[in-house]
Amino acid sequence: MGDRSEFGPVTRLRRRATISSTKGELLTGSNGVTSASASRPRHRRTDPLTKESAEETRKSSRSDNISCHKLQESMLSSASSFKNYRGILNWCVVMLVLSNARLFLENLLRHGVLVDPIQGVSLFLKDPCSWPAACIVIVSNVFILVALYTERKLAMGTLSEKLGLLIHCINLTVVLCFPMLTVLMVPSVTPVGGAFALGVHTILFLKLYSYKDVNRWCRERLRVKARSLSRSLSCPSPPSTDGAVHVSYPGNLTFKDLYYFVFAPTLCYELNYPRSKSVRMGFLLRRLFEMLLLIQLLVGLTQQQQNVELLINLPFLYLDGLKEMDYSRMIERLLRLAVPNHFLWLIFFYWFFHSSMNFVAELLRFGDREFYRDWWNSETVTYFWQNWNIPVHKWCIRHFYKPLLRKGASKLVSQSAVFFASAFFHEYLVSVPLRMFRLWAFMGMMAQLPLAWFVGRFLRGNYGNAAVWLSLIIGQPIAVLMYVHDYYVINHLEEAADPGALDLQ
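Here's a quick rundown of the structure. The structure displayed is predicted, hence computed values, not measured ones.

## As for a nonpolar patch on the surface
Then comes step 1: The grouping of Met-75, Leu-76, Tyr-85, Ile-88, Trp-91, Val-94, Met-95 and Leu-98 at the surface amounts to a nonpolar patch, some 860 Å² of accessible area in total.
Then comes step 2: Mapping Met-75 onto the fold places it in the loop between helix H3 (48-66) and helix H4 (86-111).
Then comes step 3: Among the residues examined, Met-75 registers a relative accessible area of 54% and is labelled exposed.

What follows is the structure in C-alpha cells.
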C-alpha cells in the first residue's frame, strides 16, 4: 500500500503533463507561439552563436527590403549572359511579313494581277505536243544502264580496271555533254525546261561517280581479303539489329539497288542505307501539301513580284544605270530586287531541302534525313557552304576533297578545287539554258574564296553572321540582275530604247 500511495501521484502528474503538452502543441497563441513552447522552462540558456546568427539574419532581411540594386549587366550588352531573343526574332518575322505585304500590295495596285497558270506551264513547254526537256530526262536511263553493266563486267573480271575506268569516264562525260548540246541545238527547249533537264543530269553525274568509286573500293577490299572496311567506304555495312537483309558486293549490282540509289535523296552511294521501319502517312501527306502549296506560291510570287521588278526596271537600268554608269541608280535597282529575290530563295530552300527531300525519303523509307544544318547561324562563309546543302557537302568531302588530300594536295588547294568545281556546275546550270556565256555565276562562286578568308580573319560572332546574310541578300541579286540584263540586251535590244513599248502581259 505504501508503494502504491508513493507512486500513484507521480503517475497522475505524468499523465497530466502529457495531456497538457499534447493540447499545447495543437493550440497556438495570437503571437504565433504555441502553448507548449510557452510552458517550457524559462531558465534554459540560449546559445550565443545562434543568437548572433539570428541577429545577422534579421539585419540582412532588413537591408534586402531596403536595397533594390545589385551588380548586373544590361540584357542587350555583350557581357550579359542573356540569350533568349525569341521575342525579337518573332518581331523580325512580323516586320518582314508586313514589309513584303506592303510591297506586294503596292505591286498589285500598280500593275494588277499578273499571275497566269498557263504562262507558268509555258515556262517549261513552248509547244504542248513537243516535250524536249522530258525526253532529255528519259534518255538518262541509258547512262544508268551503261554504268550498271560496266560494273557487272568488272565484278566478273571480264573487263580490266583501266578499260572499266575509261568506259566510266566516257559515260560520265556524255552525261554532261548530251543535255548541253541538246539544249543549245534545239530551239524548242525553254530556259526553265533546259535548266531542269541539266539539273537532273548533273545530279545523275554525281550519283554515278559515287557508284563507280564505291564499287571500286569493294573490289579492292576483295583483292586484299581484308576482314573489315571503314564505314565511309560503305562496303559492307555492319550487321543490322532490326532484322533487315543486308547486301554485300557483288550482290548489290542489280537494277533495284541502282534505281533505289538514283531516286534516293542522297548523292553518296552505299550498299546498305539506314532505313525507317514504316511509311508515316501523316508525315508524308504534310510534306506533299507543303510541296504543292509552296510551288504555287513560288510561281505566283515570281510572276507577280519578280517579273515586274525585272521587266519594269531593266529598261531604266540599261538606259540610266549601266549605259550612263550611274552607280546610285544601279544600287537603287539592285536593292529593289534584293528583298523579293531573297524571299523567293528562302521559300525554295524550304520547298526543296525540307518538303521535297523529306517526302522522297519517307516514300523510300530512307533513314538519313540530315539534308541541311543550322546554316542560318553561320559566322563564317565556310560554315555556310558546309551546312546549307549536306548531300553535296558529303559528296565533295568523300569523293573530291579527301582523295585530293590523300594524293598529297594541301588543304588550301583542295578547298580551292572544290570551289572551282562548284563554280563550274553553277555556270553550267545557268549559262547553257540561257544560251549565253557570261561567267557571272562562275566568278560569284570563286569570289567566295577571298570573302571566306576576309570574314574568317576579321569578322567573328554576330558580325560574321551579318556578313554571311548580307552576301546572300545582295550577292544573289547581283548575279541574277547581270544575267537578266545580258539576256534582255541580246533578245530585246530594240525595246530597250522605248520602255513604254514593253508588254508585261
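## Looking at the layout of surface pockets
Then comes step 1: Here the second largest pocket is characterised by a volume of approximately 1400 Å³.
Then comes step 2: What lines the second largest pocket is a set of 32 residues, among which Leu-89, Cys-92, Trp-376, Asn-465 and Trp-469 lie closest to the centre.
Then comes step 3: Put simply, the parts of the chain that give the lining of the second largest pocket at least two residues each are H4, helix H11 (327-364) and helix H17 (461-491).
Then comes step 4: Its residues placed into classes, the lining of the second largest pocket shows 20 nonpolar, 10 polar and two charged.

## Considerations on the environment of Gln-386
Then comes step 1: Looking at the element boundaries, Gln-386 is found in helix H12 (residues 381-387).
Then comes step 2: Here Gln-386 falls in the partly exposed class, since its relative accessible area comes to 33%.
Then comes step 3: When the C-alpha positions of Gln-386 and Trp-375 are compared, they lie 8.1 Å apart, and in sequence the two are 11 residues distant.
Then comes step 4: Residue contacts for Gln-386: discarding those within four places in its chain leaves Arg-373 and His-393.

## Observations concerning the packing of helix H6 (residues 132-156) against helix H9 (residues 255-263)
Then comes step 1: Look at H6 against H9: their axes get within 11 Å of each other, and the N-to-C directions meet at 135°. When the axis of H6 is compared with that of H9, the two are oblique. Between H6 and H9 lies a crossing of right-handed hand. Along its contact with H6, which presents Asn-141, Ile-144, Leu-145, Leu-148, Tyr-149 and Arg-152, the element H9 presents Phe-255, Leu-258, Tyr-259 and Val-262.

## Here we look at the packing of helix H8 (residues 191-224) against helix H14 (residues 411-434)
Describing two packed helices takes the angle between their axes plus the distance from one axis to the other.
Then comes step 1: Viewed as axis vectors pointing N to C, H8 and H14 meet at an angle of 150°, and their least axial separation amounts to 8 Å. Viewed along their axes, H8 and H14 adopt a mutual orientation that is roughly antiparallel. As H8 packs across H14, the resulting crossing turns out to be right-handed. Of the residues in H14, those touching H8 at Pro-191, Gly-194, Ala-195, Leu-198, Gly-199, Thr-202 and Phe-205 are Phe-425, Tyr-428, Leu-429, Val-432, Pro-433 and Leu-434.
Then comes step 2: Among the residues forming the contact of H8 with H14, the class breakdown is 10 nonpolar, three polar and no charged.

## Comments concerning the environment of Arg-457
Then comes step 1: Following the sequence through the fold, Arg-457 ends up in helix H16 (residues 448-458).
Then comes step 2: Owing to a relative accessible area of 56%, Arg-457 belongs among the exposed residues under this scheme.
Then comes step 3: Sequence spacing of Arg-457 and Thr-380 is 77 residues, and the spatial spacing of their C-alpha atoms is 9.3 Å.

About the criteria used
- Residues numbered from 1 in each chain as written.
- Predicted model: local features only at pLDDT ≥ 70, side-chain atom pairs only at ≥ 80, totals over all residues.
- Heavy atoms only, no water.
- Patch = residues over 30% accessible without salt bridge, like charges linked within 9 Å, V, L, I, M, F, W, Y side chains within 5 Å.
- Areas by Shrake-Rupley, 256 points an atom, 1.4 Å probe, with all protein chains shown as cover.
- Salt bridge = Lys/Arg side-chain N within 4 Å of Asp/Glu carboxyl O.
- Helix = DSSP H or I, 4+ residues; strand = E, 2+ residues; numbered from the N terminus.
- Buried < 20%, exposed > 50% of the residue type's maximum accessible area, 1.4 Å probe, protein only.
- 1 Å grid on protein atoms, 1.4 Å probe; cavity = no way out; pocket = protein on both sides within 12 Å on 5 of 7 lines; lining within 4 Å.
- Points joined across faces, edges and corners; volume = space filled by probe spheres on them.
- Nonpolar A, V, L, I, M, F, W, Y, C, P; charged D, E, K, R; others polar.
- Contact = heavy atoms within 4.5 Å.
- Axes fitted to C-alpha atoms, helices over the stretch in contact; angles between N-to-C directions.
- Parallel < 35°, antiparallel > 145°, perpendicular 65-115°, else oblique.
- Left-handed = near helix turned anticlockwise from the far one by under 90°.

These values are about where atoms sit, not about what they do.
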